[in-house]
Amino acid sequence: MNKLSGFLVAATALSAFFFVFRQEEIERHFSGRFLTYPMLQPGEKIGDMAITTGVEDAFPLSAICSARKENDYSIQVDCGELSVCANVAIGQTFGVMGLIHAMNLIPQPINWEELIWEMSVDGRPIDLEAFGAYDFVHPDLAPSSSPVREVFKMDRLWNVVLVNPTAGTHKVQGQAQTRDGAATYTWVVNFTVATP
C-alpha cells in the first residue's frame, strides 16, 4: 500500500508541476505578445540571419506574395519561394493601411498613429519603434472613375529587413490594434527561402 501511496503522491506532484508550467506558457502569449524572447533590435541576429533597417535597398517580400481575406479582421498571405537574396524587406503590413483598406478591414478614417502595432518573425517579437517606419510614394489607380485614372499614393511600412535569410520556411505575424482595444487586425505571412 505504501508503494501505491508514494506513486499517487508523485503523480499528483508531477501533474501540478506540468499544470503550473502550462499556465506560464499561456501567460507568455498574452495579447499577441511573444514574451519568450526579448524584442529584436536593429543589428541583432536570429540564428544565422540578421535583422536591420534599410528597406529602400532590400527586395520587397510583398512582390512575391498574394493576400486573401480570412475574416473581417484577418488576412493570410502566401508567398512563393524566394531565391537566395541578401536583403528582404519584411515590414510590409500587407495593407493594414493600404491593401487591407481595399479588403475593407480597417475603416478609412483610422490613421497609422491611432493603432498599436506588433510584429514578429519566426516567433521572435520585433521592437518596431526601434526600427521605425518608412514612407514612400508609388503609382496607383484612382478608386473611382475620373478623367485622371493614374495617381500617386503615399504608403508606409515598417523599416524591417532580414539580412541573408536562412533556407527554409519563415513566418511573419503582425497585428494592429485600435487604442481602445475594440478591434485587432492581423496578418500572417508564410514564405520559404530556397536552399542554395
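Here, residues in each chain are numbered from 1, in the same order as that chain's written sequence. Reporting of local features is limited, given that this is a predicted model, to residues whose pLDDT is at least 70; pairs of side-chain atoms are given and counted only at 80 or more, and all residues count toward the totals for whole chains, interfaces and linings. The basis for every side-chain value is the complete set of heavy atoms in the structure, and neither hydrogens nor water enter the calculation.

Colleague: Tell me about the sheet that holds strand β8 (residues 87-89), residues and numbers included.
Modeller: In space, the five strands of this open sheet follow the order β3-β4-β13-β8-β5, with mixed pairing throughout. Only two strands of the sheet have a single neighbouring strand rather than two, namely β3 (45-46) and β5 (59-60). Two strands form a pair only when DSSP identifies at least two bridges running between them. Only DSSP runs of H or I reaching four residues or more are called helices, and only runs of E reaching two or more are called strands; each is numbered from the N terminus. Sheet topology places β8 next to strand β13 (residues 161-163); three bridges connect them, and they run antiparallel. Within β13, the residue paired with V88 across the bridge is L162.

Colleague: Which residues make up the side chain of S74, and what values go with them?
Modeller: Looking at where S74 falls in the secondary structure, it is placed in strand β7 (residues 74-82). Partly exposed describes any residue whose relative accessible area lies between the buried limit of under 20% and the exposed limit of over 50%, with all areas from a 1.4 Å probe on protein chains only and scaled to the type maximum. Classification of S74 by relative accessible area gives buried; the value is 14%. Contacts described as polar in this section are N or O atom pairs within 3.5 Å, which, within protein, must combine one atom able to donate a hydrogen with one able to accept it, while residues neighboring in sequence count only if both atoms come from side chains. Engagement of the side chain of S74 in a polar contact is seen with the side chain of T186, the distance being 3.2 Å.

Colleague: Residue-level account of the sheet that holds strand β10 (residues 124-125), with values.
Modeller: If you trace the six strands from one edge of the open sheet to the other, you get β6-β7-β15-β14-β9-β10, paired in mixed fashion. The strands lining the two open edges of the sheet, one partner per strand, are β6 (65-71) and β10. Sheet topology places strand β9 (residues 115-121) next to β10; two bridges connect them, and they run antiparallel. Looking at the pairing, S120 lines up with P125 of β10.

Colleague: Can you explain the pattern of salt bridges? Please cite residues and give values.
Modeller: The rule for a salt bridge is simple: a side-chain nitrogen of Lys or Arg has to be within 4 Å of a carboxyl oxygen of Asp or Glu. This structure, assessed with the given rule, holds four salt bridges. Salt-bridge contacts for D135 lead to R156; the nearest nitrogen and oxygen are separated by 2.6 Å. Placement of D135 in strand β11 (residues 133-141) and of R156 in strand β12 (residues 150-158) is noted, with a sequence separation of 21 residues between them.

Colleague: Can you lay out the pairing of strand β4 (residues 49-52) for me, pointing to particular residues and giving the numbers?
Modeller: As paired elements, β3 and β4 share two bridges and run antiparallel to each other. Bridge pairing links K45 to A50 in β4. Linking β3 back to β4 in an antiparallel pair, the connection comprises two residues, with G47 at a positive phi of about 65 degrees. Sheet topology places β4 next to β13; three bridges connect them, and they run antiparallel. Looking across to β13, one finds that T52 is bridged to V161.

Colleague: Describe the nonpolar core, naming the residues involved and giving the relevant values.
Modeller: Residues belong to a common nonpolar core when they are buried Ala, Val, Leu, Ile, Met, Phe, Trp, Tyr or Cys residues joined through side-chain atoms within 4.5 Å. Judged by nonpolar contacts, the single largest core of 31 residues is most densely connected at I90, V121 and I126. Elements supplying a minimum of two residues to this core: β4, β7, β9, α3 (128-131), β14 (168-178) and β15 (184-193). Contacts between residues were defined by any pair of non-hydrogen atoms, one from each residue, lying within 4.5 Å. Not counting residues up to four positions away in its chain, the partners in contact with I126 are M39, L40, I51, I90, M119, S120, V121, F131 and V160. With seven residues, the next largest nonpolar core counts A50, L157, V161 and V163 among its residues.

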